[in-house]
Amino acid sequence: MTKDLGITVKKSVDFSDWYTQCVLKSGIADYSPGKGFIILRPYGYAIWENIKEILDDQFKKTGHKNGFLPVLIPESLLTVEKNHFEGFMPEVYWVTKSGNNDLGEKLAVRPTSETLAYSMFSKWISSYRDLPLKLNFWNSALRAEIKSTKPLIRNSEFLWQEGHTAHSNEKEASDEVRMILDLYKMLIEQYLAIPTVSGLKTDKEKFVGAKYTTCLESLMPDGKALQMATSHNLDQNFSKPFEIKFLDKDTAEHFVWQTSWGISWRVIGALIMVHGDDKGIILPPKISPTQVIIVPIYKDESKEIVKQKAYELENKLKDSNIRAYTDDRDEYTSGWKFNEWEMKGVPLRVNIGIRDIREEKVELIRRDTRERFYVKEKDLVNETLSILENIQSNMYNLAKNYLVTNTRNATHLDELLSLLDSTGGFVACSWCGKRECEDLVKEKTTADIRIIPFNTRKNISSCIACGKEGTTEVYFGRAY
Ligand SMILES: [Zn+2]
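The structure displayed is predicted, hence computed values, not measured ones.

A look at the nonpolar core
Generally speaking, nonpolar side chains in soluble globular proteins are found buried as a group. Counting residues in hydrophobic clusters, the biggest one holds 59 residues, and the most contacted among them are Ile-28, Ile-51, Leu-152, Tyr-184, Ile-188, Ile-268 and Ile-272. If you count residues domain by domain, this core takes at least three from each of domain 1 (3–275) and domain 2 (292–402). Formed by 26 residues, the second largest nonpolar core is a distinct cluster that contains Ile-73, Leu-78, Ala-108 and Leu-131.

Written out as structure tokens, the structure reads:
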């Protein structure tokens, strides 16, 4: 591999350039000719498919069904819930023509589907027998990004899923909100090996139209926070304007209680940021499309025998449900292949050559620690299973350690500002709950309240902004 095919900048020197190089050079995504848009390439899409499969399975197990919604939403629908409309207005793309004809009513290109889905809910729901209604949609959403864009983190169109549910009582809806947040947490922590903080958004930061928003926040290696997923309790804020009513068993008519929730391909961006190193990305085994890459090392005279052995090992690993693949391309050298798979972040590499075959051993190279060692060929499957497990937990533990180390406390505004400027990360502060104080901190430090953690301490000290009695602990941070 020539020099500029690999990553040419250190993660610690220019994080932003390093990240972009990782996304582009590993074959995850590329820029689209349309400004602000990206194209997910097969390697990136394979990761998305794995994420989709894990979540889709869980959604179905918990009683949700998939559907499809059109991408265009009539303007009149989008304006039904006023706050919701005003919140999304600056980011909406509009379709005003069909062919040469002006449309009578403008059509919004889906920024999110609450309004469209709920106009249908009012048609589909009339009795308690129709509830709960639990739907999910795998689609894309479009929100014009005016600010700087970053592949997978901030783009004008992104892949995601959006769930929409309706319930006959308030408790069922609030339970749904938490259950979904826990599913997201399971995916992000157990599969993507990224630790999260779970909690609530403030009223200022919540989803427009929601009663409250629960979320998962993570910390990136440059000290910035990244919102990973959100799950909203919509209460009756949409069911009233959309008139989604049902007759209960007591024959009284009620408005339904609703939730909506989503997670996007942004988590792939987080995956790259959190785990990668100067050589490229590092994928946790549980989410990696290829878990073990086998590189046969041969000269012309040993080619057939070494390749045959590589295929044999590949099949053995596959028989144990390990996603293995043999890179048998003759047109590239072994060294070139090593670099390429290292950059693409495959968790474990197997090198096999003619001498190894004679000695009935193979060489293993871990991507995370870059350790190399030999194992007996007959032990390959068992060793691989235990190493992959070890890599998975090692990656999570490293990231967890970073999150814990970079969550600090501050009791004064100056202290908060100096922490944000020097180390970044989350800064836990006491807050009185007033919007003015939240705004003041934003003005002085450019940091937001990222999250009110569920396991927050109460009354830890006086409010970071006004000095009056603090009522809750919040995490401030600068964010993507
Ligand atoms: Zn205050």
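So much for the structure itself; the text now carries on.
Some thoughts on the packing of helix H12 (residues 413–422) against helix H13 (residues 435–445)
Angle between the axes and distance between the axes are the two parameters that describe a pair of packed helices. Across the interface, H12 lies against H13 with an axial gap of 10 Å and an inter-helix angle of 50°. The orientation of H12 with respect to H13, classified from their angle, is oblique. With respect to the hand of their crossing, H12 and H13 are arranged in right-handed fashion. Contact residues: H12 offers Leu-413, Leu-416, Leu-417 and Leu-420, while H13 offers Val-441, Lys-444 and Thr-445.

What about the sheet that holds strand E4 (residues 72–74)?
The three strands are arranged E4-E6-E5 in an open sheet whose pairing can be described as antiparallel. Edge positions in the sheet fall to E4 and strand E5 (93–98), since each has one partner strand and no second. The mean angle between the axes of side-by-side strands here comes to 45°, regardless of whether they run parallel or antiparallel. Pairing of E4 with strand E6 (residues 101–109), which is carried by three bridges, proceeds in the antiparallel orientation.

Observations concerning the packing of aromatic side chains
Given two aromatic rings, one states the distance between the centres and the angle between the planes to describe the pair. Per the stated rule, a full pass over the model turns up 14 aromatic pairs. Taking 6.5 Å as the distance between ring centres and 85° as the angle between the ring planes, the aromatic pair formed by Tyr-118 and Phe-242 counts as edge-to-face. Of this pair, Tyr-118 sits in helix H5 (residues 114–124) while Phe-242 sits in the loop between strand E11 (225–235) and strand E12 (245–247), and the two are 124 residues apart along the sequence. Taking the relative accessible area as the measure of exposure, Phe-242 reaches 8% and is therefore buried. Following the ring pairs from residue to residue traces out a cluster consisting of Tyr-118, Phe-121, Trp-124, Phe-238 and Phe-242. Above the ring of Tyr-480, the side-chain terminus of Lys-224 is found at 4.8 Å from the ring centroid.

Details of the pattern of salt bridges
Throughout the structure, instances matching the rule amount to 35 salt bridges. Between Arg-370 and Glu-342 there is a salt bridge, with the nearest N and O atoms lying 3.0 Å from each other. Taken together, the positions of Arg-370 in the loop between strand E18 (361–366) and strand E19 (372–376) and Glu-342 in helix H9 (residues 334–344) put the pair 28 residues apart, joining distant regions of the chain. For Glu-342, a relative accessible area of 12% puts it in the buried group. Asp-356 is paired through a salt bridge with Lys-361; the nearest N and O atoms lie 3.1 Å apart. A residue is classified by how much of its surface remains accessible, and Lys-361, at 18% relative accessible area, is buried. Several salt bridges converge on common partners, so that one network encompasses Lys-201, Glu-217, Lys-442, Asp-448 and Arg-450.

Quick look at the environment of Ile-194
By the element assignment, Ile-194 lies in the loop between helix H6 (170–191) and strand E9 (197–200). If near-sequence neighbours (up to four positions away) are discounted, Ile-194 is found in contact with Ile-188, Glu-189, Ser-218, Met-228, Ala-270, Leu-271, Val-274, His-275 and Tyr-396.

Things to note about the environment of Leu-388
As for its position among the elements, Leu-388 is in helix H11 (residues 380–405). Through-space distance from the C-alpha of Leu-388 to that of Arg-366 is 8.9 Å; in sequence the pair is 22 residues apart. In contact with Leu-388, not counting residues within four places along its chain, are Pro-285, Gln-291, Val-292, Ile-322, Pro-347 and Leu-348.

Quick notes on the rules
- Residues numbered from 1 in each chain as written.
- Predicted model: local features only at pLDDT ≥ 70, side-chain atom pairs only at ≥ 80, totals over all residues.
- Heavy atoms only, no water.
- Core = buried A, V, L, I, M, F, W, Y, C linked by side-chain atoms within 4.5 Å.
- Buried < 20%, exposed > 50% of the residue type's maximum accessible area, 1.4 Å probe, protein only.
- Domains from an automatic or database assignment.
- Axes fitted to C-alpha atoms, helices over the stretch in contact; angles between N-to-C directions.
- Helix = DSSP H or I, 4+ residues; strand = E, 2+ residues; numbered from the N terminus.
- Parallel < 35°, antiparallel > 145°, perpendicular 65-115°, else oblique.
- Left-handed = near helix turned anticlockwise from the far one by under 90°.
- Contact = heavy atoms within 4.5 Å.
- Pairing = 2+ DSSP bridges.
- Phe/Tyr/Trp six-rings, centres within 6.5 Å; stacked < 30°, edge-to-face > 60°.
- Lys NZ or Arg CZ within 6 Å of the ring centre and 35° of its normal.
- Salt bridge = Lys/Arg side-chain N within 4 Å of Asp/Glu carboxyl O.

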